[in-house]
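Commentary on secondary and tertiary structure
For reference, the chains in residue letters:
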Amino acid sequence: MATKVMGMEKESLILGRFKKPFDIKELPKFPGYAAMIGPGIVWAGLSQGSGELIWWPYMVAKYGVFFLSWLIFYASLQYWINLEIARYTMATGEGIFEGFHRVHRIYGWAMFIMSMIVMLWVGGYVSSGATALAALTKFPAGWDAAGQTRFWAEVAIIVIWLIFILGPVAYKVVEYVEILAAFISFGGMLIAVLLSPAVAKVAGEFFPALIPWYASGFNMLPQNFDAKDMNIFITLIAYTGAGGFWNLLYSYWVRDKNAAMAAHIGRVTSPITGEPEPIPGVGVAFTASPEAHEEWKKWMTWQWIENLIGVLMNTLTIVLTTLLTYAVLRPEYLATGKLPSGFKLVVYQAEWFGHLWGDVGRGILYIVGFFFLVDAYVTALDGAGRTVASNLYTVPGIPERVEYRKIYYWVVTIFTVIGMITVLLEQPGVLVLLTGVTNMLIMVIFTWVFFYQNFVLLPKIHPAGKIVRPSWIVFIFLLISAIFFTYSFALYLEVTF
């Protein structure tokens, strides 16, 4: 189907591409690293969620050090994905979904639909975090654990919605929450590791296992692997980092941090407490020149470093959570053969602190666990608003008629209601696993498409041409990521079905 705007036939909204040419503006000067710190730590804060708190500890408690030998490799793969997500936005000022529609409308809408499927179940994250508050408070009195968890989940969802509506700048809400969550999560785990006598006893076994393939060889699954854990296995790979759809949100944090050409694009601001900033329906690009080339190198160097900070911080957090698991919970599993599930996912890790400080320690862990998981829901709301608004803004006529921020806040409100409903329907572990498997599929697809989007299409449609094309080093490592993600998902399908 084709659309007509101002009497001119435009590209098909299904079979065509988003072809609106970029506005031409000057590439802003790089303001220095101190001014640009943020997106990498925000990414780390989001990444410190179910994978780090639940699925990695589960696998280490059950299978010992086997999967640790894959940790550094798994974590490194997401570095190259983030780099290409950020590159597109920094070069054009557009969100990554606009780029998907420039590849092809079918691809753009398909990625949009899959992302929305993921978003429908994000209530699982706030439920998992609420499990910690329920265990800490035992409130409301007389309710069972499941009922208390649902109560705190509903309270958290309402409070988060109010914070979004009243926060003057949407990105700042996310940035503050994620940075707080990142440091509370990382700091809490670090303190427990440093003070735990149990950790010292297993350090000699644990740390050598972090050497890639030391304990596993090149086998992806241990010989005693339970096929029922395949959902957890594929979720583990996706969530050794943000994972799938969540990685794509890095684009919007880079944009609202005013990185490179994104400095010409307005931010999402509150309709109540914020001043409107213009967000156009098309991106901006710079022309090729020696000066622009040098400035672009500065911007990309910042992104290499900023991205590395996020990946390293998240990887170190996984090292800490799995070290505590191997020291404290692995012996318990070997003695009893039991691992909890469902609403006990977060309560299980309370022994990380409980073996040091008793009930006080368990209470501290519940609070840390709450931040670990609820921050993912905060990011999810932000991501839902931006994803819907960005996709709709590729439709001719909508940018001229509807403010980007109005779409954003309406979607945030709608997904708040959806979240309040979904937390009543299923246990948090099941919801989080559903999103993990879907996110792995999303990641397989967009990693392969980046070879066309950033290596071929972007230099072709961008006035700066080959200046914005990724290097061959990126090509090689992105290819490794694509092959591994594809093989892993194929293995998941083979074992599961």
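This text gives an overview of the structure that appears in the document. This structure is a prediction, so every number in the text was calculated from the model and none was measured. (Residues numbered from 1 in each chain as written. Predicted model: local features only at pLDDT ≥ 70, side-chain atom pairs only at ≥ 80, totals over all residues. Heavy atoms only, no water.)

Notes on unusual backbone geometry
Basically, it comes down to this: Only DSSP runs of H or I reaching four residues or more are called helices, and only runs of E reaching two or more are called strands; each is numbered from the N terminus.
Cis rather than trans, the peptide bond between phenylalanine 139 and proline 140 has omega equal to -5 degrees. Relative to the assigned elements, proline 140 resides in the loop between helix H7 (123-137) and helix H8 (145-166).

Some thoughts on the side chain of glutamate 84
We count it as follows: With a 1.4 Å probe rolled over the protein chains alone, any residue whose accessible area is under 20% of its type maximum counts as buried; one over 50% counts as exposed, and the rest are partly exposed. Every residue pair with non-hydrogen atoms within 4.5 Å of one another is taken to be in contact.
Tracing the chain through its elements places glutamate 84 in helix H4 (residues 68-92). Among the residues examined, glutamate 84 registers a relative accessible area of 0% and is labelled buried. Those residues in contact with glutamate 84 that lie beyond four places of it in its chain are Phe450, Asn454, Pro470, Val474 and Leu478.

Some words on the pattern of salt bridges
For clarity, the threshold we go by: Salt bridges are defined by distance alone: a side-chain nitrogen of Lys or Arg within 4 Å of a carboxyl oxygen of Asp or Glu.
Counted under the stated rule, the structure contains 15 salt bridges. In this structure, lysine 62 and aspartate 226 form a salt bridge, with 3.7 Å as the shortest nitrogen-oxygen distance. Within this pair, whereas lysine 62 is found in helix H3 (residues 50-63), its partner aspartate 226 is found in the loop between helix H10 (197-209) and helix H11 (230-238), the two being separated by 164 residues in sequence. Residue lysine 62 is classed as buried on the basis of its relative accessible area, which comes to 14%. Between lysine 257 and glutamate 175 there is a salt bridge whose closest N-O contact spans 3.3 Å. Of this pair, lysine 257 sits in the loop between helix H13 (250-256) and strand E4 (284-285) while glutamate 175 sits in helix H9 (residues 170-195), placing them 82 residues apart in sequence. Exposure remark for lysine 257: the relative accessible area of 14% places this residue in the buried category. For glutamate 175, a relative accessible area of 4% translates into the label buried. A single salt-bridge network, built from bridges that share partners, covers Lys29, Glu295 and Lys298.

Notes on the environment of phenylalanine 233
Considering the arrangement of structural elements, one finds phenylalanine 233 in helix H11. For phenylalanine 233, a relative accessible area of 0% corresponds to the buried category. Between the C-alpha atoms of phenylalanine 233 and isoleucine 117, which are 116 residues apart in sequence, the distance is 20 Å. Residues contacting phenylalanine 233, with those up to four places away along its chain left out, are Met59, Phe67, Tyr74, Met220, Leu221, Phe225 and Leu491.

Points about H10
What counts is decided by this rule: Think of it this way: the bend at a residue is just the angle between two axes, each fitted to seven residues, one set ending at that residue and the other starting at it. Under the rule applied, a polar contact is a pair of N or O atoms within 3.5 Å (in protein, one hydrogen donor and one hydrogen acceptor; residues adjacent in sequence only if both atoms are side-chain atoms).
At alanine 203, H10 shows its maximal kink, close to 60 degrees. If you check which residues of H10 are buried, you get Ala198, Val199, Val202, Phe206 and Ala209. For H10, the capping residue at the N-terminal end is serine 196, with a side-chain oxygen 3.3 Å from the backbone nitrogen of alanine 198.

Focus on the packing of aromatic side chains
Keep this limit in mind: Between 30 and 60 degrees the pair is tilted, below 30 it is stacked and above 60 it is edge-to-face, where a pair is any two Phe, Tyr or Trp rings, Trp via its six-membered ring, whose centres lie within 6.5 Å.
Within this structure, the stated rule accounts for 44 aromatic pairs. Between tyrosine 63 and phenylalanine 67, the ring centres sit 5.9 Å apart and the planes meet at 75 degrees, which makes this aromatic pair edge-to-face. A single burial state applies to tyrosine 63 and to phenylalanine 67, both of which are buried. When the ring of tryptophan 70 is compared with that of phenylalanine 484, the centres are 5.8 Å apart and the planes differ by 25 degrees; the resulting orientation is stacked. Pair noted here: tryptophan 70 is in helix H4 and phenylalanine 484 is in helix H20 (residues 472-496), with a separation of 414 residues, a long-range link. Grouped by ring-pair contacts, the aromatic residues Trp56, Trp70, Phe73, Tyr74, Trp213, Phe218, Phe484 and Phe485 constitute a single cluster.

So far we have only geometry, and geometry alone does not tell us how the molecule works.
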